[in-house]
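Take a look at the letters that make up each chain.
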Amino acid sequence: MRVLGLETSCDETGVAVYDSERGLLAHVLYTQIALHAEYGGVVPELASRDHVRKLLPLINEVMEKSDTGPADIDAIAYTSGPGLVGALMVGASFGRSLAYAWKVPAIGVHHMEGHLLAPMLEANPPEFPFVALLVSGGHTQLVKVNSLGDYELLGESIDDAAGEAFDKAAKMLDLDYPGGPQVARLAERGVDGRFKFPRPMVDRPGLDFSFSGLKTATLTAVNANKQANGLPDDQTCADIANAFQAAVVDTLVIKCKRALEQTGMKTLVIAGGVSANKKLRADLDSELAKIGAKVFYARHEFCTDNGAMIAYAGCQRLLAGQHETLAINIKARWPLDSLSSL
Amino acid sequence: MSLILALDTSTDACSVALNADGVITSLFEVAAKSHTQRLLPMVDELLKAKGCELTDLDAIAFGRGPGSFTGLRICAGIVQGLAFGASLPVIPVSTLEAMALGFYRANPDIHLPLAVALDARMNEVYWGLCARSGELVEPLVAEQVISPDVVVASTEVARLHGDFIGIGPGWHYPAMQTLATVNKVLNVHPHAENMALIAAKLFAEGKVVSALEAQPVYLRDSVSWQKRQRIRDSNDFLV
């Protein structure tokens, strides 16, 4: 079965072709980062306008790259939530009607299920069941994944998402939008241990997270060291970024280990934009090895939003016999654990 | 001779129409907030009722705007999908001209120019002036998004000396209510029937575009866009 996947839930237009026999055949991505940079955040109306311009050229490109003709496509999958309503509508309206024209099934995919399954696109995929850490600009959640579609929430952030905390730290350090990856880059030049930030909620039982206190600690350090230009010197900024990243990563690692212990599982999957963080990957690799567990993650380009994960997740749901009616359904809010298991 | 399907979701109304050599059939619903639920099932219903397949069509027309941004994108997205999937040309049609044609068809004795206004929010209207032209309409000015005060003070309006009819919900603004007109009819909405009629002429003239060029005409292209940083919050997980 060959599936065309479309992702338009936020500020990336992603299109891919996945084949259940041959794997991922091609994927292309257009990122709107430059469009939103001057606003310091995603502008929903501009994002929607851009998706409606970019989707078709990207489809032409991915069809050509994968040597796929319309007759080769068995289904069209598109992100139907959660995300920005206007942006979701573009991909869903286009995808649903293209499936109608091609007389193939359409499949609405849960964006976070897409992320969760992205490591399945790698050469050495994890096997069910496992614990997943979904960690991005909008999410910090620990999920027990029993099988495809059977998800239980173990814990989540009670305030900011980890990626959101990274972006806010970036603003405090006057780094360019989007700031998360820039904080990580700056942290590499920082001196370990010069600043020590709290690891929120690690001394409490449970698997919930909180990152807003860490934000305050970061701001306090910035303000205590600032110079005439309103910022600390370059090295101090790097040291603060280093301490910030260490606190986030430590917190995530501690809770991941705790989730594995609680569930008795030995496999952890990390997904979402922050799962691309080098230190998080390295620390999980080494810490999990100590308890005989293993961490799986997608290649960098599939940690952030992309069409490949939607094509893959859509293909799994197609194989299970799922498809949409002619009504196009968008869900801006959509609990992952309300999905039907397959 | 042509077979053209037209779609429109530029306002709260949702409509589809088929123009088979001038014979019109259509479906119309007021379906605010449920355009995505209704448009494709209505297309399917209409085609099936006429025993047509998408591939039998010569072209697909759509209400390209101005109108609700989200509505325009739903329609453009669906039209792109249908047209790309069935290798059909697309004919974008002005929402304001379609409203004018609808009014003329409902009032065959009226030959006065029409001033069409849709509420654009933010104290502005999408604004156009149209006149009868044979069986169809022709625009007298370039469509624009302007404030009611500017409409009232415009030279185009002054030139008509009150000898015109105001149509469309945009006429609710108090400033526009004060304007001298022969009549003001607010309850006029776009309908795909009128787009299908206008499209047949454009099709005959070769005025078609590719699926990729099936883009909305927003008119409003620069406002202080409101950003929204929190894309997917943790409530997505709570039942």
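If you're wondering where the values come from, they're calculated on a predicted model, not measured in any experiment. (Residues numbered from 1 in each chain as written. Chains lettered and ligands numbered in written order. Predicted model: local features only at pLDDT ≥ 70, side-chain atom pairs only at ≥ 80, totals over all residues. Heavy atoms only, no water.)

S.K.: Go over the domain arrangement of chain B with me, naming the residues and quoting the values.
M.R.: Interface extent is often summarised as the accessible area lost during association of the parts. All names here are of chain B. Parsing chain B into structural domains produces domain 1 (3–94 + 190–236) and domain 2 (96–185). A C-alpha centroid distance of 23 Å is found between domain 1 and domain 2. On the domain 2 side, the residues contacting the 19 residues of domain 1 number 18 residues. Both faces considered, domain 1 and domain 2 share a buried interface measuring about 1500 Å² in area, 63% of it formed by carbon and sulfur atoms. Summed over the shared surface of domain 1 and domain 2, the result is 3 salt bridges. Here E143 ties to R64 by a salt bridge, and the two come within 3.0 Å at their closest N and O atoms. Between domain 1 and domain 2 we count 10 residue pairs in polar contact (both at pLDDT 80 or more) in total. For the side of domain 1 that touches domain 2, the secondary-structure elements that each account for two or more residues are strand 4 (59–65) and helix 7 (192–204). Residue contributions to the side of domain 1 that touches domain 2 peak at 6 residues, all from helix 7. (Domains from an automatic or database assignment. Contact = heavy atoms within 4.5 Å. Buried area = accessible area lost by both parts, 1.4 Å probe. Salt bridge = Lys/Arg side-chain N within 4 Å of Asp/Glu carboxyl O. Polar contact = N/O pair within 3.5 Å; in protein donor to acceptor, adjacent residues only side chain to side chain. Helix = DSSP H or I, 4+ residues; strand = E, 2+ residues; numbered from the N terminus.)

S.K.: Help me get a handle on helix 2 (residues 44–65) of chain A, residues and values and all.
M.R.: All names here are of chain A. Under the 1.5 Å per step criterion, the end-to-end length of helix 2 is 30 Å for 22 residues, consistent within 8% with the ideal 32 Å. Considering bend angle alone, the principal kink of helix 2 is centred on K54 and spans about 35°; proline P57 follows within four residues of it. Just beyond helix 2, the residue with positive phi is D67, at close to 50°. (Expected span 1.5 Å × (residues − 1). Bend = angle between axes of the 7 residues up to and from the residue.)

S.K.: Please provide a residue-by-residue account of the sheet that holds strand 1 (residues 2–7) of chain A, values included.
M.R.: Residues and elements named next belong to chain A. Strand order in the open sheet formed by 5 strands is 3-2-1-4-5, and the pairing between neighbours is mixed. Since the sheet does not close on itself, it has two edges, and those belong to strand 3 (23–31) and strand 5 (106–110), each with one partner. If you compare each strand with its neighbour and ignore which way they point, the axes differ by 20° on average. Here strand 1 runs beside strand 2 (residues 12–19); their pairing, made up of 6 bridges, is antiparallel. Within strand 2, the residue paired with L6 across the bridge is V15. (Pairing = 2+ DSSP bridges. Axes fitted to C-alpha atoms, helices over the stretch in contact; angles between N-to-C directions.)

S.K.: Just give me the short version of the packing of aromatic side chains, but keep the residues and values in it.
M.R.: All names here are of chain A. For the coordinates displayed, the defined rule picks out 9 aromatic pairs over all chains. Note on F195 and F197: the rings are 6.4 Å apart at their centroids and 40° apart in plane angle, and the pair reads as tilted. You'll find F195 and F197 in the same group, each marked buried. An angle of 15° between the planes, with centres 6.1 Å apart, marks the rings of F209 and F211 as stacked. Classification of F209 as buried rests on a relative accessible area of 0%. (Phe/Tyr/Trp six-rings, centres within 6.5 Å; stacked < 30°, edge-to-face > 60°. Buried < 20%, exposed > 50% of the residue type's maximum accessible area, 1.4 Å probe, protein only.)

S.K.: Run through the state of the cysteines, naming residues and quoting values.
M.R.: Enumeration over the complete set of coordinates arrives at 0 disulfides over all chains. Just so you know, C256(A) is unpaired, no disulfide at all, and the nearest cysteine sulfur is the one on C303(A), 14 Å from it. A disulfide-free cysteine, C14(B) has its sulfur positioned 8.2 Å from the sulfur of C75(B), the nearest such atom. (Disulfide = S-S within 2.5 Å.)

S.K.: An account of the environment of L98(A) is needed here, citing residue identities and associated values.
M.R.: Inspection of the secondary structure puts L98(A) in helix 3 (residues 85–102). A relative accessible area of 0% places L98(A) in the buried class. For the pair L98(A) and A161(A), spaced 63 residues apart in sequence, the C-alpha separation works out to 35 Å. When near neighbours in sequence (up to four residues on either side) are disregarded, L98(A) contacts L4(A), I76(A), G81(B), F84(B) and G85(B).

S.K.: Quick rundown of the sheet that holds strand 4 of chain B? Include the residues and the values.
M.R.: All names here are of chain B. Spatial strand order, 3-2-1-4-5: 5 strands in an open sheet with mixed pairing. Both outer strands of the open sheet, strand 3 (23–30) and strand 5 (90–94), are each paired with one neighbouring strand and no more. Between one strand axis and the next, the sheet turns through 20° on average, direction left out of account. Here strand 1 (residues 3–8) pairs with strand 4 via 4 bridges, running parallel. Each bridged residue has a counterpart across the sheet, and for A6 the counterpart in strand 4 is A61. Against the sheet, helix 1 (residues 35–49) touches strand 1, strand 2 (13–20) and strand 3, its axis set at about 20° to strand 2. Across the sheet, helix 3 (residues 95–106) touches strand 4 and strand 5, and the angle it forms with strand 5 is around 70°.

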